[in-house]
Amino acid sequence: MSVEVDKAEKKDNVLVATLDKVKQAVELAELSPEVYEHLKTPMRFLEVAIPVEMEDGTTRVYTGYRCQHNNVFGPYKGGLRYHPDVTTDSIKALSMWMTLKCSLVGVPFGGAKGAIVCDVQELTVKEKERMTRSYVRVLGSFIGPETDIPAPDVFTDAQVMAWIADEYSSNMREPSFGVVTGKPLAVGGCVGRNEATGRGVFFVAREAANAFDIPFDKARIAIQGFGNVGSNAAVLFAEAGCPVIAVSDVSGGIYNKDGLEIEKLIEHVKKTGFVKGFPGAQDIDNQELLAIDCDILIPAALENQLTGSNAGNVKAKIVVEGANGPTTPEADQILKDKKVLVVPDILANSGGVTVSYFEWVQNNYGFRWDLATVNRRLEEKMSEAFKMVYHYYCEKCVDSDMRTGAYMYSIKRLAEAMHYRGWLNDKNGQY
Ligand code: GLU
């Protein structure tokens, strides 16, 4: 491998960037270097072969992963994604973000992430079901309600979670639905879980606008990605009166300076599959969306979207990271220099795992909360987390950004738990 390739790979490598950030946060928070030693490597990384019988009778073997990063707070927790581009490094980084996210928002879980390297569009529903069940069988007792609890992520949904719950329950020979969250309501799901990440993004954006003295009901919103997170957040922004002036998906973007009609747009996407061609809107591309003149920009698609080459064009005052890892370190620096507030992913998209926690609690004690209770508790958690992290960042992180503040805050809590569990050689009680 040439040095150039090596450098290029390193540059966009989310794991390298995350490790740098964790190390920096440990140092800035004056924590023991042992804390970094614990966090830098996942506690367990599983790579598995997943045999699937295809419709034509042949067997195809897919590669799957489950990365269990850290369980100092409780069972491992994190999504399962089906995507052709996942790498071992991206799964490791994603699992690390789950550890940081759970700690930050104060839910008693550790961090994990799983994936199957596949293109789901090429699979029939039956093949997808067989692949999911096969994955559960090969993982065996490495997952479980007290061990490791998967949830939906990119290209997985409530139906996939139901297959996991069913396969796991039949392996255990008893119903054990708490092994996953994000299930359909009929099999132990939680009301509001499907919309929770988007709802959390909305609450955090509102807090950030308040902190920046931007009148929220007039805040112009642009959203990259119109999947579960982006579309649910868009509905809430529109309901609150905020003009959602631009959205995009894989087909490209659409723009209307007076605000798009989100309910109609959702109907259009249901019919056509994409946002493109929505009547009354101007077509734009994804790069134009990121550079649109707006107050709050929400990257809610995949990793590495705001980079050194496009961050300079951002006109938003606030970036709220609905996706995991959408901003590269270079972009972070550029946005910081431009005085754009970046509300980091581990805070901004933690609404999903927060309501996953509510679901797990309800499964454990066999009682259901109503939607008003779920949404109220989510709002309390998200607003409190934003205020605490923002306050901490303003106070402690004099020359740094909110991501650094969030990492410091989260890792301090992890270090405290490591200290009490006896994982650190902190003889003087210093950690
Ligand atoms: N996949 C979501 C995330 O990245 C949710 C994880 C969960 O609920 O466990 O935060």
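Residues numbered from 1 in each chain as written. Predicted model: local features only at pLDDT ≥ 70, side-chain atom pairs only at ≥ 80, totals over all residues. Heavy atoms only, no water.

Asks: How do you make sense of unusual backbone geometry when you look at a structure like this?
Replies: For residues other than glycine, phi is negative in most cases, and the peptide bonds are mostly trans. One non-glycine residue with positive phi stands out, namely E30, at about 55 degrees. Secondary-structure assignment places E30 in the loop between α2 (14-28) and α3 (33-40). Since its relative accessible area comes to 69%, E30 is described here as exposed. Although it is not a glycine, D213 sits at a positive phi angle of roughly 55 degrees. Its place among the elements puts D213 in the loop between α7 (196-211) and β6 (221-224). (Helix = DSSP H or I, 4+ residues; strand = E, 2+ residues; numbered from the N terminus. Buried < 20%, exposed > 50% of the residue type's maximum accessible area, 1.4 Å probe, protein only.)

Asks: Looking at this model, I keep getting lost on the nonpolar core. Mind explaining?
Replies: Ranked by internal contacts, the top residues of the largest apolar core, which has 98 residues, are F237, I296, V320, V343 and I411. Every residue in contact with I296, bar those within four places of it in the chain, is listed here: A205, A209, F216, A219, R220, I221, A222, A316, I318 and V320. Membership of the second largest hydrophobic core comes to 25 residues, among which are L46, V52, Y62 and V136. (Core = buried A, V, L, I, M, F, W, Y, C linked by side-chain atoms within 4.5 Å. Contact = heavy atoms within 4.5 Å.)

Asks: Sorry if this is basic, but what is going on with the side chain of S410 here?
Replies: Tracing the sequence through the fold places S410 in helix α15 (residues 402-421). A distance of 2.9 Å separates a polar side-chain atom of S410 from the backbone oxygen of L100. When neighbours within four sequence positions are excluded, S410 is seen to be in contact with L100, S103 and L104. (Polar contact = N/O pair within 3.5 Å; in protein donor to acceptor, adjacent residues only side chain to side chain.)

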